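Residue-level structural notes
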Amino acid sequence: RISGYSAILEMHELTNHFDERGDDYIAFMDSLQEKVFCRNRLLVSVSATHPVSLHTLLSALPEGTAVPDKASFTAELPESMGCPVPAKSGFSAQGIMFDREFDGSMRVASNIISLGYLWNVVRVQGGAYGTGVVARKNGGITSYSYRDPHPAASLEANKHIAEFLQQFCESDESLDGFIISTLAEDEPLRTPREQGAYGDRIWFAGYTREELKAEREETLR
């Protein structure tokens, strides 16, 4: 809503009707600033080799009110859509909610699909700059291509993913390379800043150390 296609539509609407909507928009942003930037809604993440004082930051913010325990949001976009762009290449994305509890093996399967199938069909044959499949803990599985001269063909290729996986499982191809590359995605060398950002990401996603350990063991199996 704040950075995707809906946000772009909102930005165009505001630009085209700024004389009528400008004052209301500015008032809304002012009220949002007062509500959001406060101590009760502040989370601070520090990556440093020495103690850092947060007194100046904290003293500059009002106390404010805490974030509600829950909030709901419903996307206003259709389940299927296309957006024409004035370019020779585009992007494709297709996703489903998978009716199965997430485990590390799904990430390995995603890697097999990305490197063993989509790379050849969408990247090498189709000419897209990049492609892949991502499996998320909430059950969402998404395929994508970017800088793709044939996005419609890339979506068509998704229809044959299940057939590819079936053939792969019936073959004798080793899983070692796919498992290693899956683990490498989460265990690269990181600078202190990158370590902090990674820690933030897993904290906001609600991962515990025990869950990360279990997922790694599932990946290795």
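What you see is a predicted model; the values in this text were computed from it and never measured.

Time to look at the overall build of the chain. From N to C terminus, the chain includes nine helices and three strands. Starting at the N terminus, the α and β elements of the chain follow one another as α-α-α-β-α-β-β-α-α-α-α-α. With the C-alpha coordinates aligned to their principal axes, the bounding extent of the chain is approximately 65 × 50 × 30 Å. A burial count over the chain gives 23% of its 221 residues as buried. Accessible area for the chain stands at about 16800 Å²; split by element, carbon and sulfur atoms hold 56% of it. For the chain, the distance from the average position of its 21 positive side-chain charges to the average position of its 32 negative side-chain charges is 4 Å.

Here the focus is the pattern of salt bridges. All chains considered together, the criterion is met by seven salt bridges. The partner of Glu10 in a salt bridge is Arg21, with the nearest N and O atoms 2.6 Å apart. Here Arg21 lies in helix H2 (residues 18-36) and Glu10 lies in helix H1 (residues 5-16), a separation of 11 residues in the sequence. On the accessibility criterion, Glu10 (29% relative accessible area) is partly exposed. The salt bridge involving Asp103 is made with Arg100; its shortest N-O contact spans 3.0 Å. Each of the salt bridges in this network shares a partner with another, and the network as a whole consists of Arg107, Glu185 and Glu215.

Glancing now at the nonpolar core. In summary, soluble globular proteins display a tendency toward joint burial of nonpolar side chains. Judged by nonpolar contacts, the single largest core of 19 residues is most densely connected at Ile112, Tyr117, Leu118 and Val133. Of all the elements, helix H4 (residues 104-125) adds the most residues to this core, at seven residues. Aside from chain neighbours lying at most four places away, what touches Val133 is Ser110, Ile113, Ser114, Leu118, Ile141, Thr142, Ser143, Tyr144 and Ile161.

Once that is clear, we can look at the sheet that holds strand S2 (residues 130-135). Hydrogen bonding along the main chain pairs the strands of a sheet, whether they run parallel or antiparallel. Read from one edge of the open sheet, three strands run S1-S3-S2, paired in antiparallel fashion. The outermost strands of the open sheet, each flanked by one partner alone, are strand S1 (90-97) and S2. Here the strands of the sheet are splayed against their neighbours by 10° on average, with no regard to which way each runs. Most of the contacts of H4 go to S2, to which it runs at about 160°, and overall it touches S2 and strand S3 (140-148).

So, on to the environment of Gly139. Take Gly139: it is sitting in the loop between S2 and S3. Each C-alpha atom, one on Gly139 and one on Met106, is 9.8 Å from the other, the two residues being 33 residues apart in sequence. In this structure, Gly139 is in contact with Ile96, Met97 and Phe98, ignoring residues within four places of it in sequence.

On to the packing of aromatic side chains, then. Geometrically, a pair of aromatic rings is defined through the distance of the ring centres and the angle of the planes. For the structure shown, the criterion picks out six aromatic pairs. Taking 5.3 Å as the distance between ring centres and 25° as the angle between the ring planes, the aromatic pair formed by Tyr117 and Phe164 counts as stacked. With Tyr117 in helix H4 and Phe164 in helix H6 (residues 161-170), this residue pair connects regions lying 47 residues apart in the sequence. The pair formed by Tyr117 and Phe164 is uniform in burial state, with each residue classed as buried. A network of ring pairs unites the aromatic residues Tyr117, Phe164, Phe168 and Phe178 as a single cluster. Lying over the aromatic face of Tyr129, Arg147 brings its terminal NZ or CZ to 4.6 Å of the ring centre. Against the face of Tyr198 rests Arg190, its NZ or CZ located 3.9 Å from the ring centre.

Attention now goes to the packing of H4 against H6. In helix packing, the relevant descriptors are the interaxial angle and the interaxial distance, both defined with respect to the helix axes. It is the contact of H4 with H6, at a shortest axis distance of 11 Å, that shows an interaxial angle of 95°. Judged on the interaxial angle alone, H6 and H4 are roughly perpendicular. Contacts from Ile112, Ile113, Gly116 and Tyr117 of H4 reach H6 at Ile161, Phe164, Leu165 and Phe168. Per-class residue counts for the contact of H4 with H6 are seven nonpolar, one polar and no charged.

What counts, and where the lines are drawn
- Residues numbered from 1 in each chain as written.
- Predicted model: local features only at pLDDT ≥ 70, side-chain atom pairs only at ≥ 80, totals over all residues.
- Heavy atoms only, no water.
- Helix = DSSP H or I, 4+ residues; strand = E, 2+ residues; numbered from the N terminus.
- Buried < 20%, exposed > 50% of the residue type's maximum accessible area, 1.4 Å probe, protein only.
- Areas by Shrake-Rupley, 256 points an atom, 1.4 Å probe, with all protein chains shown as cover.
- Lys, Arg positive; Asp, Glu negative; His and termini not counted.
- Charge placed at Lys NZ, Arg CZ, Asp CG, Glu CD.
- Salt bridge = Lys/Arg side-chain N within 4 Å of Asp/Glu carboxyl O.
- Core = buried A, V, L, I, M, F, W, Y, C linked by side-chain atoms within 4.5 Å.
- Contact = heavy atoms within 4.5 Å.
- Pairing = 2+ DSSP bridges.
- Axes fitted to C-alpha atoms, helices over the stretch in contact; angles between N-to-C directions.
- Phe/Tyr/Trp six-rings, centres within 6.5 Å; stacked < 30°, edge-to-face > 60°.
- Lys NZ or Arg CZ within 6 Å of the ring centre and 35° of its normal.
- Parallel < 35°, antiparallel > 145°, perpendicular 65-115°, else oblique.
- Nonpolar A, V, L, I, M, F, W, Y, C, P; charged D, E, K, R; others polar.

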